[in-house]
Amino acid sequence: MSTDMLLRVEKGHAEPEELAAITAILLARAASTPDIPSARPRSTAGWRRLERTPGFRAPHSWQG
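This text gives an overview of the structure that appears in the document. Residue numbers run consecutively from 1 along every chain, following the written order of its sequence. Per-residue local features of the predicted model are confined to residues with pLDDT of at least 70, and side-chain atom pairs are confined, for both listing and counting, to 80 or more; whole-chain, interface and lining totals are unaffected and use all residues. Calculation of side-chain values draws on the structure's entire complement of heavy atoms; hydrogens and water are dropped beforehand.

1. Points about the overall build of the protein chain
Stage number 1. For helices the rule is a DSSP run of H or I covering at least 4 residues; for strands it is a run of E covering at least 2, with both sets numbered from the N terminus onward. Counting its secondary structure elements, the protein chain contains one helix and zero strands.
Stage number 2. When a residue's accessible area, from a 1.4 Å probe over protein chains only, is under 20% of the maximum for its type it is buried; when over 50% it is exposed; and in between it is partly exposed. Sorting the 64 residues of the protein chain into buried and exposed places 0% on the buried side.
Stage number 3. Summing over all exposed atoms, the protein chain offers an accessible surface of approximately 6,900 Å²; the carbon and sulfur share of this is 59%. Residue-level accessible areas treat just the shown protein chains as cover; the underlying method is Shrake-Rupley with a 1.4 Å probe.

2. Some words on the pattern of salt bridges
Side chains that differ in charge, positive against negative, can pair when their charged atoms come close.
Stage number 1. Here a salt bridge means any side-chain nitrogen of Lys or Arg lying within 4 Å of a carboxyl oxygen belonging to Asp or Glu. Overall, the coordinates contain one salt bridge when judged by the stated rule.
Stage number 2. In this structure, Glu10 and Arg8 form a salt bridge, with 2.6 Å as the shortest nitrogen-oxygen distance. In this pair, the class of Glu10 matches that of Arg8, namely exposed.

3. Here we look at a nonpolar patch on the surface
Stage number 1. On the surface, Ile22, Ile25 and Leu26 cluster together into a nonpolar patch covering about 260 Å² of accessible area.
Stage number 2. Within the secondary structure layout, Ile25 lies in helix H1 (residues 16-31).
Stage number 3. The exposure class assigned to Ile25 is partly exposed, which follows from its relative accessible area of 48%. Patch membership requires more than 30% relative accessible area and the absence of a salt bridge. Residues of like charge join within 9 Å; the nonpolar side chains Val, Leu, Ile, Met, Phe, Trp and Tyr join within 5 Å.

Rendered as structure tokens:
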């Protein structure tokens, strides 16, 4: 058994064939590209610009 293993069995005993199978699955998942559609860019900022807000807000204001 070599000391440069990439996988380690924490509990129980895994045969070399089982380790090879899980390694193949993990490598296949890592190589696959996600099917997430590209998000369109936002037209406005997602945060408020403080220089564009008025200097005073009423205490009962909903913006507060």
